[in-house]
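# Overview (structure and organization)
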Amino acid sequence: MHTVTGFPHPPVPTGVCRFIVVLMALASLSACAPSNQAEGELRQEIKALKAQVTAMQEKLNQVQTGQQVILDLLKQPAVAAAPIAVPSQPAAPAALTVAELLASKDRYLGTRVKVKGMPGPVMVHHKSLMLKGPQGMVEVLFGNLPDPKLVQSLTSTALDKPLTVTGVVNLPPARGAGAQLQISAEAVEF
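## A few points about the overall build of the protein chain
Across its full length, the protein chain carries five helices and eight strands. Each helix and strand of the protein chain, placed in order from N terminus to C terminus, yields the pattern β-β-α-α-β-α-α-β-β-β-α-β-β. Within the protein chain, the fraction of its 190 residues that count as buried is 22%. Considering only contacts within the protein chain whose residues lie at least 6 apart along the sequence, 54% involve residues at least 24 apart. When the accessible surface of the protein chain is summed, it comes to about 13400 Å², and 60% of that surface belongs to carbon and sulfur atoms.

See below:
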């Protein structure tokens, strides 16, 4: 980059250099005594080329002006203002207990949760299990887990330790008076 008066300027684009070379070649050709018709055509082309050079120079000036404005803004001290809210990913929520989930079920319907609880009965043919809590149970549908070995392990192993299930909370299809929640499991941790 070239610096003039302390500010950086972008290099001249290649197209402008070629244009200037063509313009100079045309000017030197015009010095050779061409016919009147050829001379008129050359003058037209030279005028057109001069107009293009002028337009490119104006665009270059606009870019340089924009750069100068940006540099001036960067040199100004930061104004103390309210911090700008930047969207960020929420922190990974702590695992809920079955009791907390059931107590606030309306809040969690349709959302992804992480729930920890003791496993209850496993329904092998439904590929689901129950997580127990003092206020009731939550059904966990684990048949769509991406790891078939984990699905096999859940259906064939005695589960006697707490499980942590991550998934989306929904109401079961057949809602009755004793309706419980369902979690479509995305992950199960022993």
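Having seen it, we continue.
## A word on the environment of Phe 142
In this fold, Phe 142 is placed in the loop between β6 (136–141) and α5 (148–156). Sequence-wise, Phe 142 and Ala 187 are 45 residues apart; in three dimensions their C-alpha atoms are separated by 8.3 Å. Apart from residues no more than four positions distant in its own chain, Phe 142 is found in contact with Val 122, Lys 127, Ser 128, Leu 129, Val 151, Leu 154, Thr 155 and Ala 185.

## Quick word on the environment of Thr 97
With respect to the helices and strands, the residue Thr 97 is situated in strand β3 (residues 96–97). Thr 97 sits in the partly exposed class, given a relative accessible area of 36%. Residues Thr 97 and Lys 132, spaced 35 residues apart in sequence, show a C-alpha to C-alpha distance of 9.4 Å. Residues contacting Thr 97, with those up to four places away along its chain left out, are Val 115 and Lys 116.

## As for the nonpolar core
Here is a general trend for soluble globular proteins: nonpolar side chains tend to be buried in one another's company. Leu 101 and Leu 154 are the most contacted members of the largest nonpolar core, which totals 24 residues. Sequence-distant contacts of Leu 154, defined by excluding residues within four places in its chain, comprise Val 122, Leu 129, Phe 142, Leu 145, Leu 159, Leu 163, Val 188 and Phe 190.

## Describing the pairing of strand β4 (residues 112–123)
Bridge count for β3 against β4 is two bridges, and the pairing is parallel. If you follow Thr 97 over to β4, its bridge partner there is Lys 116. Two elements, β4 and strand β7 (residues 163–170), share six bridges in a ladder whose sense is antiparallel. Among the inter-strand pairings, Lys 116 is bridged to a residue of β7, identified as Thr 164. The hairpin formed by β4 and strand β5 (residues 128–133) contains four residues between the paired strands, and Lys 127 there has a positive phi angle of roughly 50°.

## Quick word on the pattern of salt bridges
Pairs may arise between side chains of opposite charge once their charged atoms sit close together. Under the defined criterion, the tally for this structure stands at two salt bridges. One salt bridge connects Arg 43 with Glu 39, and the closest N-O pair in it is separated by 2.8 Å. With Arg 43 and Glu 39 both in helix α2 (residues 36–75) and four residues apart, the pair spans about one turn of that helix. Overall, the relative accessible area of 53% leaves Arg 43 in the exposed class. The partner of Glu 186 in a salt bridge is Arg 112, and the shortest N-O contact between them spans 2.7 Å. Here the residue Glu 186 occupies a position in strand β8 (residues 182–189), and Arg 112 occupies one in strand β4, the gap between them amounting to 74 residues. For Arg 112, a relative accessible area of 55% puts it in the exposed group.

## Things to note about α5
Looking only at α5, the buried set comprises Leu 150, Val 151 and Leu 154. Buried residues in α5, looked at end-on, bunch into an arc of 100°, giving them a common side. Away from the buried face of α5 by more than 90 degrees, exposed residues Pro 148, Lys 149 and Ser 156 are located. In the core, the buried residues of α5 are packed alongside β4, β5, β7 and β8. Measuring from the side-chain oxygen of the N-cap residue of α5 to the backbone nitrogen of Lys 149 gives 3.1 Å; that N-cap residue is Asp 147.

Thresholds, definitions, all that
Numbering of residues begins from 1 in every chain and follows the order in which that chain's sequence is written. Residue-level local features of this predicted model are given only where pLDDT is at least 70; pairs of side-chain atoms are given and counted only at 80 or more, and the full residue set underlies all totals for whole chains, interfaces and linings. Calculation of side-chain values draws on the structure's entire complement of heavy atoms; hydrogens and water are dropped beforehand. What counts as a helix is a DSSP run of H or I of at least four residues, what counts as a strand is a run of E of at least two, and both are numbered from the N terminus. Partly exposed residues are those whose accessible area sits between 20% and 50% of the maximum for their type, while under 20% is buried and over 50% is exposed, using a 1.4 Å probe and protein chains only. Contacts are assigned to residue pairs that have any heavy atoms within 4.5 Å of one another. In short, Shrake-Rupley with a 1.4 Å probe defines the accessible areas, and a residue's cover is counted only from the protein chains shown. Only buried residues count toward a nonpolar core, which is a set of Ala, Val, Leu, Ile, Met, Phe, Trp, Tyr and Cys residues joined through side-chain atoms within 4.5 Å. Between any two strands, pairing holds if DSSP finds at least two bridges. In what follows, salt bridge is the name for a side-chain nitrogen of Lys or Arg lying within 4 Å of a carboxyl oxygen of Asp or Glu. The arc in question is the one spanned by the directions pointing from the helix axis to the C-beta atoms. N or O atoms within 3.5 Å of each other form a polar contact, as long as, within protein, one can give a hydrogen and the other can take it, and as long as residues adjacent in sequence are counted only when both atoms are side-chain atoms.

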